[in-house]
Amino acid sequence: MNVYVIIILLYIALSAIHLPLFGPFYTEDCLAPVIAAALLIRRPPLRHPIFLPLLLLAAITAVHFLQGGENAYNLAVLVYLAGLYLFARSSTPPPQAMRICGGVLLTLIILGWIGDAVAFFLFHIRDTGLVFLGDDVAQTENLSFLARRYAFLFGNPNVLGSFYVLPMLLFLRGLEEKVPRFGKKQWLLLILFIGVSLLPLVSTFSKHAIMTGAVILAFFANCLQDKFPRLIRAVWLPILLVGLVCETTVLYVTFPVKSTPPFINTTTGMYAIHQTIYARMPFTSPSAWLVGSSPARIHQLYPKLADRRAIRRTLLQYNALNNLEMFSTFMDPHNEYLNLAAFYGVPALAVIVAFFILFALRNGNSRYVTCFLLAFAFACLWDDLLSKRWICLTFAFLPCPKTPPTSTTTGPCISQ
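Cut-off values and rules
- Residues numbered from 1 in each chain as written.
- Predicted model: local features only at pLDDT ≥ 70, side-chain atom pairs only at ≥ 80, totals over all residues.
- Heavy atoms only, no water.
- Axes fitted to C-alpha atoms, helices over the stretch in contact; angles between N-to-C directions.
- Helix = DSSP H or I, 4+ residues; strand = E, 2+ residues; numbered from the N terminus.
- Parallel < 35°, antiparallel > 145°, perpendicular 65-115°, else oblique.
- Left-handed = near helix turned anticlockwise from the far one by under 90°.
- Contact = heavy atoms within 4.5 Å.
- Nonpolar A, V, L, I, M, F, W, Y, C, P; charged D, E, K, R; others polar.
- Salt bridge = Lys/Arg side-chain N within 4 Å of Asp/Glu carboxyl O.
- Buried < 20%, exposed > 50% of the residue type's maximum accessible area, 1.4 Å probe, protein only.
- Patch = residues over 30% accessible without salt bridge, like charges linked within 9 Å, V, L, I, M, F, W, Y side chains within 5 Å.
- Areas by Shrake-Rupley, 256 points an atom, 1.4 Å probe, with all protein chains shown as cover.
- Expected span 1.5 Å × (residues − 1).
- Lys, Arg positive; Asp, Glu negative; His and termini not counted.
- Polar contact = N/O pair within 3.5 Å; in protein donor to acceptor, adjacent residues only side chain to side chain.
- Core = buried A, V, L, I, M, F, W, Y, C linked by side-chain atoms within 4.5 Å.

Participant: Talk me through the packing of helix H5 (residues 95-121) against helix H8 (residues 165-175); I want residue IDs and the actual numbers.
Facilitator: Taken N-terminus to C-terminus, the directions of H5 and H8 make an angle of 140 degrees; their axes are 7 Å apart at the nearest point. Classed by the angle they form, the pair H5 and H8 counts as oblique. The element H5 and its partner H8 pack so that their crossing is left-handed. Between H5, through Pro95, Met98, Arg99, Cys101, Gly102, Gly103, Leu105 and Leu106, and H8, the contact on the second element is made entirely by Pro167, Met168, Leu170, Phe171, Arg173, Gly174 and Leu175. Classifying every residue of the contact of H5 with H8 by side-chain character gives 10 nonpolar, three polar and two charged.

Participant: Requested: an account of the pattern of salt bridges, with residues and values cited.
Facilitator: Under the counting rule described, the total for this entry stands at five salt bridges. Arg99 serves as the salt-bridge partner of Glu177, at 3.8 Å between the closest nitrogen and oxygen. Of this pair, Glu177 sits in the loop between H8 and helix H9 (184-204) while Arg99 sits in helix H5; the two residues are 78 residues apart in sequence, bridging distant segments of the chain. Ionic pairing is found between Arg308 and Glu325, a salt bridge with its closest N-O pair at 3.3 Å. Taken together, the residues span a long stretch of sequence, with Arg308 in helix H16 (residues 308-317) and Glu325 in helix H17 (residues 324-329) at a distance of 17 residues. Judged by its relative accessible area of 48%, Glu325 falls in the partly exposed class. Salt bridges sharing common partners tie together Glu28, Asp29 and Arg389.

Participant: Talk me through a nonpolar patch on the surface; I want residue IDs and the actual numbers.
Facilitator: A cluster of nonpolar side chains, contributed by Ile100, Val104, Leu108, Leu111, Ile114, Val118, Phe121, Leu122, Phe123 and Ile125, occupies part of the molecular surface with about 980 Å² of accessible area. By the secondary structure assignment, Val104 is in helix H5. Judged by relative accessible area, Val104 falls into the partly exposed class, the value being 43%.

Participant: An account of helix H20 (residues 367-379) is requested, with residue identities and associated values reported.
Facilitator: Taking 1.5 Å per residue as the helical rise, H20 with its 13 residues ought to reach 18 Å, and the 18 Å between its terminal C-alpha atoms agrees with that figure. Inspection of H20 places Tyr368, Val369, Cys371, Phe372, Leu373, Ala375, Phe376, Phe378 and Ala379 among the buried residues, and these make up the whole buried set. Tucked inside the fold, the buried residues of H20 contact H8, helix H10 (209-224), helix H12 (236-251), helix H19 (346-362) and helix H21 (389-397).

Participant: Mind laying out the side chain of Asp384, listing which residues take part and the relevant values?
Facilitator: Looking at the secondary structure, you find Asp384 in the loop between H20 and H21. The buried charged residue Asp384 lacks any salt bridge partner; its closest oppositely charged side chain belongs to Lys388, at an N-O distance of 6.2 Å. Among the polar contacts listed, one links the side chain of Asp384 to the backbone nitrogen of His334, at a separation of 3.1 Å. Not counting residues up to four positions away in its chain, the partners in contact with Asp384 are Asp332, Pro333, His334, Asn335, Glu336 and Asn339.

Participant: So, helix H18 (residues 336-344): which residues are in play, and what are the values?
Facilitator: With eight of nine residues buried, H18 is to be regarded as a mostly interior element. Taken together, the buried positions of H18 are occupied by Glu336, Leu338, Asn339, Leu340, Ala341, Ala342, Phe343 and Tyr344. Looking at the buried side of H18, the elements it contacts are helix H4 (72-89), helix H13 (270-280), helix H14 (286-291), helix H15 (295-305) and H19.

Participant: An account of the nonpolar core is needed here, citing residue identities and associated values.
Facilitator: If you look at the biggest cluster of nonpolar residues, it comprises 81 residues, and the most contacted ones within it are Leu172, Met211, Phe376, Leu393, Phe395 and Phe397. At nine residues, H20 tops the list of elements feeding residues into this core.

Participant: Explain unusual backbone geometry residue by residue, including any values.
Facilitator: The general pattern is negative phi for most residues beyond glycine and trans for most peptide bonds. Of note, the phi angle at Phe152 is positive, near 55 degrees, even though the residue is not glycine. With respect to the element layout, Phe152 can be found in the loop between strand E4 (148-150) and helix H7 (157-163). The phi angle at His334 is positive, at roughly 50 degrees, despite the residue not being glycine. Relative to the elements of secondary structure, His334 occurs in the loop between H17 and H18.

Next up, the structure:
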């Protein structure tokens, strides 16, 4: 392994620890200057089509920062993530390193989950530091399962849910070169490990699990494509169905389920409170539609666009009326599409969506890309995911073969 691969593996390890330093900065961000220097030193990234736009965006960000612009931080995030993607894409670890890195991270998460379960059930320790306690929402009997959700070192189960796809992708991609030589024992051990590794993810009760499930489906689809070719062609269908169900729980209060038509509580869901508000923001002025609004402007607009009566009606469904002021004053959108439109404008949203569509079309012969992008598109309906460092790394490590996968091509070719 060269030094660049070691840097990216260290970055992944620090991301899993998720230790905050100050504000939005974490330990892995200490490697940002090293990554920036590597991008300028290495020759391969200079040939990547994203490199020149990255330098231009960095220059615009610097000018904006020197002028005291409020959007300098948001622009800096885009520069950082684009640079991280480019560096990781050109520093893909070899299969063995991927397998070890992903396997170790999954094992640590499993051990943390086992330790928490032992502490809770045997010693009645409710808060082990590895869980999220959601007592407000869980006061409703039908939502009691949300009272205690596994979060590992991330503090928030949804953050762990979004992180989970990275170690799973690394582990499965690192195994692909060994799959053709697997016997029944190896397959049994692999399925057992994947099954056990999903238990902590299930314990997060996070809808972000759809991304991890998509990666697992892609892996098994590649392995079974010769035996079940027609079935494998519809591998995207379970992702679509699960995504639609998950989005229903965002749009409506789906708990408790009713025994009469339409069988679900059609009151607007909790996430829909702030999503509705952010959907109106780009249309408050021509400039907001064209170039978005500054963070300060968004904080001003939010309470003006909030319907306190509707918010109160929704929070009553969750027994969370004590959060009325918070939901009426300011909340993040929990929707990447609305987040981009509010902060950067509708044209910027269109450009980014077009980028991912082109990415999918260009790499349509990769099941990993097809499955993950579909799951990611759904997950963006209930969270702001593009700012997550591990999502950026996941995109960087997706295999993009130049030729369709066949039974003799188990190790995907990475196009740099």
